[in-house]
Amino acid sequence: MWRFECDYTEGAHPEIMKRLLETNEEQTPGYGEDFYCGQARKKIQDLCGRADADVHFLVGGTQTNATVIRAALRPHQGVLSAESGHINVHETGAIEASGHKVLALPGEYGKLSARQIQEACQAHYTDSSQEHIVQPGMVYLSHPTEIGTLYSLAELQEIRKVCQEWGLWLFLDGARLGYGMAASGSDISFRELAELCDVFYIGGTKVGALFGEAVVIMASALKKDFRYMIKQQGGMLAKGRLLGIQFDTLFTDDLYLKISRHAVQMAEQIRDGFQKLGYSFFCESQTNQQFLILSPAQIEALSEKYSFSIWEEVDQEHIAVRFCTSWATKEEAVEELLADAAAIKTQA
Ligand SMILES: Cc1ncc(COP(=O)(O)O)c(C=O)c1O
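Worth saying up front: this structure is predicted, and the values here are computed from it rather than measured.

J.: Go over the sheet that holds strand β9 (residues 280–283) with me, naming the residues and quoting the values.
T.: Strand-to-strand pairing in sheets goes through backbone hydrogen bonds, with the strands running parallel or antiparallel. The strand order across the open sheet built from 4 strands is β9-β10-β13-β12, with neighbouring strands paired in antiparallel fashion. Each of the sheet's edge strands pairs with one partner strand only, and the pair in question is β9 and β12 (309–315). The sheet shows a mean angle of 35 degrees between the axes of neighbouring strands, direction not considered. By the bridge criterion, 6 bridges tie strand β10 (residues 289–294) to strand β13 (residues 318–324) in an arrangement that is antiparallel. Within β13, the residue paired with I293 across the bridge is A320.

Rendered as structure tokens:
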């Protein structure tokens, strides 16, 4: 069975496993105050071109989103997100459980636009009952989005402008950031993120790490007491060095982007191969997630050898499915998948 249902079906990149073993018997201080976390922090600051960035290491994506959002918002505020945003649909109400409403807007291709944010704020502040309604306090973007699409630099700049106009924090969820940066046509790097976002995170769990996300805080007001917030949310790993070693490795010799490029290349082979065979796509994606439209018979046939996610029903005879690649996807798995896809093309 070849697994394509998500991008965390493998363990960690061998280089990370090697460094974890090499450092296994070393004694270090706990809670992220060790040498390796310090070194990883410095590498991330250098990539961002900002020595003043605060970098914290957390364990998983939901925990990171909940901690950042809770730390940033005042009690009466909520967070604007695309309807398809991970915090709105796949985090079991983690944000709401912290007392903050997710203010969902209909996204286009999984993205929010500056205009939508502007309109949402305008609607709020011109409502005579505004004080009876949750106030927008933050914008949450995922990049890549949950359907593999990307913001352009120009779009992000416009969103930043609107956020400044209305006093909103700009938070970017980069659970798959590497796969976004490695995508062809992507024009956003760490430097732009550091310049435009108040806070963002660099995903490790889906991009070669065993686990871990690196939160980068740019806005001074959000830096204060963030470690208290991590601890209170249960996110402060006692053996924090495990996170430091992983991010230090990912940001040595450009490993993070190198392995991300591999995943994107594998996804491009899937996309181009299915396209050549005449399959239809649910949406366009330049990143490591590809969304195809298959018939129930095709799904049944492919499921014998491959796992992939059922995304949503398109109509009674067609279902959108997601194939994900990762830093570890084998070319032979992609080749087999395409050969089998060719064999079942005519199955309605
Ligand atoms: C965009 C995005 N953010 C956050 C997460 C949450 O990550 P975790 O499963 O580690 O909580 C995911 C997981 O799929 C995701 O796709």
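J.: Before we move on, could you go through the pattern of salt bridges and cite the residues and values that matter?
T.: Using the criterion set out here, one finds 16 salt bridges in the structure. Among the ionic pairs, E33 bridges to R227, the shortest N-O distance being 3.6 Å. In this pair, E33 is assigned in the loop between α1 (14–22) and α2 (35–48) and R227 in helix α11 (residues 226–232), connecting sequence segments 194 residues apart. Given a relative accessible area of 56%, E33 falls into the exposed group. Between R50 and D52 there is a salt bridge, and its shortest N-O distance comes to 2.8 Å.

J.: Give me the lowdown on helix α12 (residues 241–250), citing residues and values where you can.
T.: Most of α12 is tucked away: 9 of the 10 residues are buried. Among the residues of α12, R241, L243, G244, I245, Q246, F247, D248, T249 and L250 are the ones counted as buried. The inward-facing, buried residues of α12 abut α1, α2, β2 (54–58), β7 (199–203), β8 (213–217) and α13 (255–276).

J.: Now, about the sheet that holds β2: what can you tell me, with residues and values included?
T.: The strand order across the open sheet formed by 7 strands is β2-β8-β7-β6-β5-β3-β4, and the pairing between neighbours is mixed. On the outer flanks of this sheet lie β2 and β4 (102–105), each paired with one strand and no other. Between one strand axis and the next, the sheet turns through 25 degrees on average, direction left out of account. Sheet topology note: the β2/β8 ladder contains 5 bridges and is antiparallel. Paired with H56 across the strands is V215, a residue of β8.

J.: Quick rundown of the site of the ligand? Include the residues and the values.
T.: Near the ligand you find G60, G61, T62, N65, H86, E91, E146, D173, A175, R176, Y201 and K206, and these make up its full shell. Contact with the protein chains removes 81% of the 390 Å² of surface that the ligand exposes when unbound. The element best represented in the shell around the ligand is helix α3 (residues 61–72), accounting for 3 residues. Looking at the shell around the ligand residue by residue, the class counts come to 2 nonpolar, 5 polar and 5 charged.

J.: Which residues make up the pairing of β10, and what values go with them?
T.: Across the 6 residues of β10, 6 count as buried, placing the element largely inside the fold. Judged by which residues are buried, β10 turns out to be covered on both faces: Q289, F291 and I293 on one side and Q290, L292 and L294 on the other are all buried. Two elements, β9 and β10, share 3 bridges in a ladder whose sense is antiparallel. Paired with F281 across the strands is L292, a residue of β10. Between β9 and β10, which pair antiparallel one after the other, the connecting turn spans 5 residues.

J.: Go over the environment of L153 with me, naming the residues and quoting the values.
T.: Here L153 lies in helix α7 (residues 153–166). When the C-alpha atoms of L153 and A221 are compared, they prove to be 25 Å apart, with 68 residues separating the residues in sequence. Residues within four places of L153 in sequence aside, it is in contact with D187, I188, E192 and L196.

J.: Got a sec to walk through the nonpolar core? Specific residues and values, please.
T.: Of all hydrophobic cores here, the largest spans 61 residues; its most connected members are V139, F200 and I202. For this core, the leading source of residues is α13, giving 6 residues. Both domain 1 (2–6 + 255–343) and domain 2 (14–250) contribute no fewer than three residues apiece to this core. Not counting chain neighbours up to four residues away, the residues in contact with V139 comprise V79, L80, L112, I117, I159, C163, L168, W169, L170 and F171.

J.: Could you give an account of the domain arrangement of the protein chain, with specific residues and numbers?
T.: Here the domain parsing of the protein chain yields domain 1 (2–6 + 255–343) and domain 2 (14–250). Using only C-alpha atoms to locate each centre, domain 1 and domain 2 end up separated by 27 Å. Facing 21 residues of domain 1, the contacting portion of domain 2 comprises 26 residues. Taken over both partners, the interface formed by domain 1 and domain 2 buries close to 1800 Å², and the fraction arising from carbon and sulfur atoms is 66%. Together, L255, Y256 and W327 form the three largest contributors to the area buried by domain 1 at its contact with domain 2, with a combined 34%. Along the contact surface separating domain 1 from domain 2 lie 0 salt bridges. Where domain 1 meets domain 2, there are 7 residue pairs in polar contact (both at pLDDT 80 or more). Listed by contribution, the elements that provide at least two residues to the side of domain 1 that touches domain 2 are α13 and β10. With 9 residues, the top contributor of residues to the side of domain 1 that touches domain 2 is α13. Looking at side-chain class alone, the side of domain 1 that touches domain 2 contains 10 nonpolar, 7 polar and 4 charged residues.

About the thresholds
- Residues numbered from 1 in each chain as written.
- Predicted model: local features only at pLDDT ≥ 70, side-chain atom pairs only at ≥ 80, totals over all residues.
- Heavy atoms only, no water.
- Pairing = 2+ DSSP bridges.
- Helix = DSSP H or I, 4+ residues; strand = E, 2+ residues; numbered from the N terminus.
- Axes fitted to C-alpha atoms, helices over the stretch in contact; angles between N-to-C directions.
- Salt bridge = Lys/Arg side-chain N within 4 Å of Asp/Glu carboxyl O.
- Buried < 20%, exposed > 50% of the residue type's maximum accessible area, 1.4 Å probe, protein only.
- Contact = heavy atoms within 4.5 Å.
- Near = heavy atom within 4 Å.
- Areas by Shrake-Rupley, 256 points an atom, 1.4 Å probe, with all protein chains shown as cover.
- Nonpolar A, V, L, I, M, F, W, Y, C, P; charged D, E, K, R; others polar.
- Core = buried A, V, L, I, M, F, W, Y, C linked by side-chain atoms within 4.5 Å.
- Domains from an automatic or database assignment.
- Buried area = accessible area lost by both parts, 1.4 Å probe.
- Polar contact = N/O pair within 3.5 Å; in protein donor to acceptor, adjacent residues only side chain to side chain.

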